[in-house]
Amino acid sequence: MNEPRPARRLFLRAGAATGAALTVGGLAAPAASALTADGAAAPAASAAPGGFPDYTYVRTLLTPSQLKYNPTGEIIFPCLRGTAGRLSNPLGRYYLYYGPHDAPGGICLAYGDSLEGPFTEYPNNPIVSNNWQPHYKVSHVASAHVMWIESSKEMWMYFHGENTTTRLARSKDGINFTYDKVVLSTSMLPSGTTETSYARVFPHELPSRGAHFVMVFMLNNTSDHRDIHWGWSADGRNWTFDQQPLVRHTDVGAVNVGGPHLLYRNNSTYVVYNKDKASGGDMMITEVGNDFTKRTHLGVFYNSGSAAPENGRAAAPSFGTDGGVPYMIYEAGERLAGSIAMARG
């Protein structure tokens, strides 16, 4: 954790993967370009050692008090997808998925035409609730990660509820979803596992495993220490999970780690994740390699500032580019007491 926000170093490709900025209020944006395909984005200008760019906090993008749907006073886990060339008659060029975590939770949507905003809250949030009969009735649903599937021309949404279960729903328009199935649960991991949640899925080729997709997620067990785990799939629906952690909390001197996201640079694969606030509240990076056999811990990916809105914690990042400019959106602030913020590279 650093004092109030100097430029942040990151240790991999600036533009990789899935997020972009949600802005409440006006700001002149750079010339827009389409969000890149899931799991990769156009490389940006580099500034940090090793050819990696710096990200600098710009502003808070969304706070619960600004939202019509605000049952709990907290929001988490942003995920943004470009709609251009994918959806017919979308509400905007970008769809941003987010929502509260605590009961009743709910998967929410905002839409806009620029990564710098403004974004408009969808009037009928939540688009997925904690009661979807006959499929489930749970205390909450949260942490939507949405991925475009070109072969079926669908948006696939992975989300958890309860913390023990990750589910999949599918949509042709990114708003109205059809329930598919459970894709991850504690029963699929070692005995004593108590939580399997905050999953993100990425296209990723693992020929030796016959896989075309990889999932990274957070696992808790009876020790009450959270680690990063992973799995692989040929079709994105049926999964096999490594029974050993991808990154252990002890690897980086944390009590808990979570919020994982895959990024790619220089023909290698990295996982970015966050520490708990008591352990520093920073984002960390580990190189796992394209075959996930490496465990090279590279240190701090993004230092959380001590001042508002981060207040010593930055978590659950998403990444993207607009007009060649790299963006990161993320949770800023204490767990379940923060906002969504934007940093620019």
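Quick notes on the rules
Residues numbered from 1 in each chain as written. Predicted model: local features only at pLDDT ≥ 70, side-chain atom pairs only at ≥ 80, totals over all residues. Heavy atoms only, no water. Helix = DSSP H or I, 4+ residues; strand = E, 2+ residues; numbered from the N terminus. Buried < 20%, exposed > 50% of the residue type's maximum accessible area, 1.4 Å probe, protein only. Contact = heavy atoms within 4.5 Å. Areas by Shrake-Rupley, 256 points an atom, 1.4 Å probe, with all protein chains shown as cover. Pairing = 2+ DSSP bridges. Axes fitted to C-alpha atoms, helices over the stretch in contact; angles between N-to-C directions. Polar contact = N/O pair within 3.5 Å; in protein donor to acceptor, adjacent residues only side chain to side chain. pLDDT = per-residue confidence, 0-100. Salt bridge = Lys/Arg side-chain N within 4 Å of Asp/Glu carboxyl O. Core = buried A, V, L, I, M, F, W, Y, C linked by side-chain atoms within 4.5 Å.

A. Looking closely at the overall build of the protein chain. In terms of helices and strands, the protein chain carries 0 helices and 23 strands. Taking all 345 residues of the protein chain together, the buried fraction comes to 61%. Looking at the protein chain alone, contacts between residues at least 24 apart form 54% of all its contacts between residues at least 6 apart. Total accessible area on the protein chain stands at roughly 12,000 Å², and carbon and sulfur atoms take up 50% of it.

B. Local environment of the sheet that holds strand S20 (residues 296–302). Strand order in the open sheet formed by 4 strands is S17-S18-S19-S20, with antiparallel pairing between adjacent strands. With one partner strand each, in any of the chains shown, strand S17 (257–265) and S20 form the two edges of the open sheet. Between one strand axis and the next, the sheet turns by 25° as a mean value, whatever way the strands run. Judged from the 7 bridges that link them, S17 and strand S18 (residues 268–275) form a sheet pairing that is antiparallel. Counterpart to Val257 in the pairing with S18 is Lys275.

C. Highlighting the environment of Tyr57. Tracing the backbone shows Tyr57 in strand S2 (residues 54–62). Take Tyr57: its relative accessible area is 16%, and that puts it in the buried class. Measuring from C-alpha to C-alpha, the distance between Tyr57 and Pro309 comes to 9.8 Å, with 252 residues separating the pair along the chain. At 3.0 Å, the side chain of Tyr57 forms a polar contact with the backbone nitrogen of Thr60.

D. Quick peek at the side chain of Asp180. Relative to the helices and strands, Asp180 is located in strand S12 (residues 178–185). Among the polar contacts listed, one links the side chain of Asp180 to the side chain of Arg237, at a separation of 2.8 Å. Those residues in contact with Asp180, other than ones at most four positions away along the chain, are Leu168, Ala169, Arg170 and Arg237.

E. Inspection of the confidence of the model for the protein chain at higher detail. Mean pLDDT over the protein chain: 85, with 85% of residues reaching 70 or higher. Low pLDDT, under 50, characterises residues 2–51; the predicted model gives this stretch 194 contacts beyond four residues in sequence or across chains.

F. Inspection of the environment of Thr63 at higher detail. The residue Thr63 is located in the loop between S2 and strand S3 (76–82) in this model. Along the primary structure Thr63 and Ile75 are separated by 12 residues, whereas in three dimensions their C-alpha atoms are 7.5 Å apart.

G. Structural view of the pairing of strand S9 (residues 142–149). With 8 of 8 residues buried, S9 lies mostly within the body of the structure. When S9 meets strand S10 (residues 154–160), the two strands line up antiparallel, connected through 6 bridges. Each residue of the ladder has a partner; that of His145, found in S10, is Tyr158. The turn joining S9 and S10, which pair antiparallel and follow one another in sequence, is formed by 4 residues; a positive phi near 55° is taken by Lys153.

H. Geometry of the sheet that holds S10. Read across the open sheet, the 4 strands follow the order S9-S10-S11-S12; overall the sheet is antiparallel. The strands lining the two open edges of the sheet, one partner per strand, are S9 and S12. Averaged over all neighbouring strand pairs, the angle between strand axes comes to 25°, with direction disregarded. With 6 bridges connecting them, S10 and strand S11 (residues 165–171) associate as antiparallel partners. Bridge assignment links Met155 to a residue of S11, and that residue is Ser171.

I. Examining the pattern of salt bridges more closely. In the structure shown here, the tally under the stated rule is 12 salt bridges. For the salt bridge of Asp180 with Arg237, the shortest nitrogen-to-oxygen distance reads 2.8 Å. One end of the pair, Asp180, is in strand S12; the other, Arg237, is in the loop between strand S15 (227–233) and strand S16 (239–241), and 57 residues separate them in sequence. Salt-bridge contacts for Glu287 lead to Lys294; the nearest nitrogen and oxygen are separated by 3.3 Å.

J. Broad picture of the environment of Leu87. Turning to its location among the elements, Leu87 is positioned in the loop between S3 and strand S4 (94–99). For the pair Leu87 and Trp148, spaced 61 residues apart in the sequence, the C-alpha separation amounts to 9.9 Å. Setting aside residues up to four positions removed in sequence, Leu87 forms contacts with Tyr95, Trp148, Met155, Lys172, Asp173 and Gly174.

K. Quick look at the nonpolar core. Ranked by internal contacts, the top residues of the largest apolar core, which has 23 residues, are Tyr97, Ile127, Val128, Met157 and Phe159. For this core, the elements supplying multiple residues, two or more each, are S4, strand S5 (108–112), S9 and S10. Discounting chain neighbours no more than four positions away, the residues touching Tyr97 are Phe77, Pro78, Cys79, Cys108, Leu109, Ile127, Ala144, Val146, Met157, Gly174 and Phe177. Ile228, Trp230, Val257 and Tyr273 belong to the second largest nonpolar core, which has 20 residues in total.

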